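Overview (structure and organization)
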Amino acid sequence: MIFETNGGELQYKDIDVPKPKPNEILINVKYSGVCHTDLHAWKGDWPLATKLPLVGGHEGAGEVVAIGENVTGWELGDLAGIKWLNGSCLSCEFCITSKESNCPHADLSGYTHDGSFQQYATADAVQAARIPKGTDLAQVAPILCAGITVYKALKTADLTAGQWVAISGAAGGLGSLAVQYAKAMGYRVVGIDGGADKGEFAKSMGAEAFVDFLTSKDLVKDVIKATNGGPHGVINVSVSERAMQQSVEYVRPAGTVVLVGLPAGAKVSASVFDSVVKTISIKGSYVGNRADSAEAIEFFSRGLIKCPIKVVGLSELPKVYELMAEGKILGRYVVDTYK
Ligand code: NAD
Ligand code: ZN
């Protein structure tokens, strides 16, 4: 599935199998999750240019079928995952301090590097995710971006077991996993999203309380009430500037607001007085490093996270984007690259 211009036609057609560079592996992608980032990339929402033409996708799960001549530690037949961070320089200030996603030379799957919406894709052997043998590849696919990202965001919120965390955007792809990781990490979850179906869904993922942004008359007040004083942490995974703005207001004193969702052109402003006197932190969180990735996959492999997926053919990607833009998706769509 390839496009030549941002927002242009999504073409489902045969293209050449890429040849792995000396540092890369070639992965026969079986399934790929569809992240809202893929929609942003196709539309050209962000102040960072995509490669064009581009094959999107960065939650690809498959099998290693070729190995570059400089690669060690991978064998043909190993299960491998394509993550957002396809490769990084490994020698800059950020890479050597395990902040690889901040590398100025980062190569991004489905953005600056053709991604997983195809049957064969390349990945830097150092950054490719290791997936244990026998893993269900459709199930694990969403972990490769959504899972890693929300797990890292929860670590960034720096919470203690028993504390409240708000997941804003709780029924979406990232949100549905964030609720589960939060629970597995011992936190109490209030989900925020819109609609009764999304409320029930967030609760089925493990949210203890739910606030509906569509029906709440005063969302800030309702979230504070549901958490007896405000959540200690907030993971913002909605694609809504307003939701992020509200989170700065309802977070508990001494709490942490984590920004993850990337609505086009959004800004968050905070009252200096309130930020100081409430002593809140506002932090950005951007995917995860190799350790975060391995840990996030381990939570999944231990059976603590179940990805709520709906599998459709890759040829149906345009329809998935439509549903996503309309906010009609519960959990994650995963595409089968052979359909
Ligand atoms: P999604 O479309 O599956 O989910 C978004 C959810 O937000 C939906 O359930 C929607 O109903 C809900 N929502 C909309 N308005 C809301 C509001 N006002 N309050 C609460 N909830 C609201 O999207 P996704 O795939 O989960 O991705 C979410 C965002 O995260 C995207 O912007 C994506 O680009 C970004 N993202 C960031 C990173 C990172 O590393 N920071 C990684 C992956 C994705
Ligand atoms: Zn993503």
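Right above here is the structure, for reference.
In this text, all values refer to a predicted model and were calculated from it rather than measured experimentally.

Moving on, we come to the nonpolar core. Side chains of a nonpolar character, in soluble globular proteins, are inclined to be buried together. Ile143, Leu154, Val165, Ile167, Leu177, Tyr181 and Ile235 are the most contacted members of the largest nonpolar core, which has 47 residues in total. Counting residues per element, the ones that place at least two in this core are β9 (129-131), α2 (137-140), α3 (146-157), β10 (164-168), α4 (173-184), α5 (196-205) and α9 (290-301). At 7 residues, α3 tops the list of elements feeding residues into this core. Filtering out sequence-adjacent residues up to four positions away, Ile167 remains in contact with Gly175, Ala178, Val179, Val189, Val190, Gly191, Ile192, Ile235 and Val237. Judged by nonpolar contacts, the second largest core, of 19 residues, contains Val34, Val312, Leu317 and Val335.

Here we take up helix α1 (residues 36-43). A large share of α1 lies buried, amounting to 6 of its 8 residues. All buried positions along α1 are accounted for by Thr37, Asp38, Leu39, His40, Ala41 and Trp42. The inward-facing, buried residues of α1 contact β1 (2-3), β2 (24-33) and α10 (317-325). At the exit of α1 stands Gly44, carrying a positive phi of roughly 75°.

The next point concerns the site of ligand 1. Within the structure, ligand 1 sits among 30 residues, and His36, Thr37, Asp193, Val287 and Arg332 are positioned closest to it. At 3.0 Å, a backbone N or O of Val260 approaches a nitrogen atom of ligand 1. Between Ser285 and ligand 1, the recorded distance is 2.9 Å, taken from a backbone N or O atom to a nitrogen atom. Relative to its free-state accessible area of 880 Å², ligand 1 is covered by the protein chains to the extent of 92%. Residue assignment for the shell around ligand 1 shows that the elements contributing at least two residues are α1, α4 and β11 (188-193). Its residues assigned to classes, the shell around ligand 1 comprises 15 nonpolar, 12 polar and 3 charged.

This part covers the side chain of Ser32. On the secondary structure map, Ser32 appears in strand β2. For Ser32, the residues in contact, after removing those within four places along its chain, are Gly57, His58, Glu59, Gly60, Ser116, Phe117, Ala141, Tyr333, Val334 and Val335.

The next thing to look at is the pairing of strand β14 (residues 256-259). Sheet analysis places strand β13 (residues 233-236) next to β14, joined by 4 bridges and oriented parallel. Residue pairing across strands places Ile235 opposite Val258, the latter belonging to β14. A crossover connection joins β13 to the parallel β14 through helix α7 (residues 241-250); in handedness this β-α-β unit is right-handed. Where the polypeptide runs from β14 across helix α8 (residues 272-278) and back to strand β15 (residues 281-284), its parallel neighbour, the crossover connection is right-handed.

Across a sheet, strands are paired by hydrogen bonds formed along the backbone, either parallel or antiparallel in direction. Reading across the sheet, the 6 strands line up as β12-β11-β10-β13-β14-β15 and stay open at both edges, with parallel pairing between neighbours. In this open sheet, the two edge strands, each paired with only one partner strand, are β12 (209-212) and β15. Strand-to-strand twist in this sheet, taken as the mean axis angle between neighbours without regard to direction, amounts to 20°. Of the strands in this sheet, β10, β13, β14 and β15 touch α3, which is tilted by about 155° from β14.

Rules and cut-offs
- Residues numbered from 1 in each chain as written.
- Chains lettered and ligands numbered in written order.
- Predicted model: local features only at pLDDT ≥ 70, side-chain atom pairs only at ≥ 80, totals over all residues.
- Heavy atoms only, no water.
- Core = buried A, V, L, I, M, F, W, Y, C linked by side-chain atoms within 4.5 Å.
- Buried < 20%, exposed > 50% of the residue type's maximum accessible area, 1.4 Å probe, protein only.
- Helix = DSSP H or I, 4+ residues; strand = E, 2+ residues; numbered from the N terminus.
- Contact = heavy atoms within 4.5 Å.
- Near = heavy atom within 4 Å.
- Polar contact = N/O pair within 3.5 Å; in protein donor to acceptor, adjacent residues only side chain to side chain.
- Areas by Shrake-Rupley, 256 points an atom, 1.4 Å probe, with all protein chains shown as cover.
- Nonpolar A, V, L, I, M, F, W, Y, C, P; charged D, E, K, R; others polar.
- Pairing = 2+ DSSP bridges.
- Right-handed = clockwise from strand over helix to strand, strands pointing away.
- Axes fitted to C-alpha atoms, helices over the stretch in contact; angles between N-to-C directions.

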